[in-house]
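# Results of the structural survey
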Amino acid sequence: ILLCISDDQSWLHAGAYGDPVVKTPAFDWVARHGVLFQNAFCVTPSCTPSRGTILTGQHTWRLGAGANLHSSLPAELATFTDLLDRAGYAVGYTRKGWGPGDWKAGGRKRNPAGDGYKSFDAFLEAKPAQKPFCFWFGSREPHRPYEYRSGIGEGKSPAAVRVPGWLPDTPEVRGDLLDYYVEIERFDRDLAQLLEELRTLGQLENTIVVVTSDNGMPFPRAKTTLYDSGTRMPLAICWGAKIPGRRTVDDFMSFVDFAPTFLEAAGLAIPPEVTGRSLLGLLLSDRSGQVDPARDHVLL
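Everything in this summary refers to the structure shown in the same document. Please read these numbers as outputs of a predicted model, since none were measured by experiment.

## Here's the deal with helix α2 (residues 47-56)
What sets the pattern is the α-helix's 3.6 residues per turn: residues three or four places apart point alike. Judged by how many residues are buried, α2 sits mostly within the fold: ten of ten residues are covered. Within the sequence span of α2, burial applies to C47, T48, P49, S50, R51, G52, T53, I54, L55 and T56. Among the structural elements, β1 (2-6), α3 (80-86), β5 (133-138) and α8 (258-265) are those in contact with the buried residues of α2. Once α2 finishes, G57 follows within two positions and takes phi at roughly 70°, a positive value.

See the structure below:
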């Protein structure tokens, strides 16, 4: 399992979603070879609680202190990473795992995302060859601050930007969006490297690859708000030949659905306190559009 999370990216801004400026060939590759979700939502559009819901499969209001930014995640809350670890998986993360916060204050002995590593390479080198793995790649892009005018410096055209209707269409905003795009593209290049490492090892077809973000773009009316721009997330998932590719699914999914999906895929029991629903049925289906009529809402 390879879970890749950008930091503060709204669903609009990837090539697979039709953005004409930002270039995301690695994300687009995952979408082509698997499923592109049109209605993926985080539960709470802020870093710490969003990541807590991913790990526990429980909605934010069940996480105690973990519902807040710069908090802790109580040790009594089971995480899919710990459950996979106990089942014999190598579990690790790099860069931004669960947080920001103090995991020690919650009674934990490590970051809830797993053991920390310098890189995916370092994790793979340390892992026993035949041991299954779950790795969390937590990018710090496109979180602010940005390098001012980096988008223009890379030759991007302000005129080509689609300014969201809730932002003022000014040269300053267009330039800021271009700088944000540059950061998304850095994340995508990192994703491409991770995919290539799996391909080189012969493990790409055998790995569930999940690419998403934690909450919306760091602009007004987006991050930390319950508008779509704050809560609606990019999401593409592939798993070799097991998931029929080139599909776009309209079903609503919530970040609490990740944990039960990973656990079911690993053949493990889903704890009764989990409020999410496994996506495995959607992923293994060969259908596009609305696959499960019961998936018609999310709770934010």
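## What about the packing of aromatic side chains?
Throughout the structure, instances matching the rule amount to 15 aromatic pairs. Considering the side-chain rings of Y146 and Y180, the 6.4 Å spacing of their centres and the 40° angle between planes classify their relative orientation as tilted. In this pair, Y146 is assigned in the loop between β5 and α5 (150-153) and Y180 in helix α6 (residues 171-201), connecting sequence segments 34 residues apart. For Y146, a relative accessible area of 13% puts it in the buried group.

## Points about the packing of helix α1 (residues 25-32) against α6
Contact geometry for α1 and α6: axes closest at 7 Å, N-to-C directions at 55°. By the angle between their directions, the pair α1 and α6 is classed as oblique. Here P25, A26, F27, W29 and V30 of α1 lie close against α6, whose contacting residues are D188, L191, A192, L195 and R199. Residue composition of the contact of α1 with α6, grouped by class: eight nonpolar, no polar and two charged.

## Looking at α6
For α6, with 31 residues, the first-to-last C-alpha span of 46 Å sits near the 45 Å given by 1.5 Å per residue. Immediately beyond the C-terminal end of α6, within one or two residues, lies G202, with a positive phi of roughly 75°.

## Notes on the pairing of strand β6 (residues 209-213)
The element β6 is extensively covered by neighbouring structure, given that five of its five residues are classed as buried. The two faces of β6 match: V209, V211 and S213 on one face and V210 and T212 on the other face are all buried. Where β6 lies against strand β8 (residues 235-238), four bridges are found, and the strand directions are antiparallel. Residue pairing for β8: V211 is matched across the bridge by A236.

Conventions adopted
Residues numbered from 1 in each chain as written. Predicted model: local features only at pLDDT ≥ 70, side-chain atom pairs only at ≥ 80, totals over all residues. Heavy atoms only, no water. Buried < 20%, exposed > 50% of the residue type's maximum accessible area, 1.4 Å probe, protein only. Helix = DSSP H or I, 4+ residues; strand = E, 2+ residues; numbered from the N terminus. Contact = heavy atoms within 4.5 Å. Phe/Tyr/Trp six-rings, centres within 6.5 Å; stacked < 30°, edge-to-face > 60°. Axes fitted to C-alpha atoms, helices over the stretch in contact; angles between N-to-C directions. Parallel < 35°, antiparallel > 145°, perpendicular 65-115°, else oblique. Nonpolar A, V, L, I, M, F, W, Y, C, P; charged D, E, K, R; others polar. Expected span 1.5 Å × (residues − 1). Pairing = 2+ DSSP bridges.

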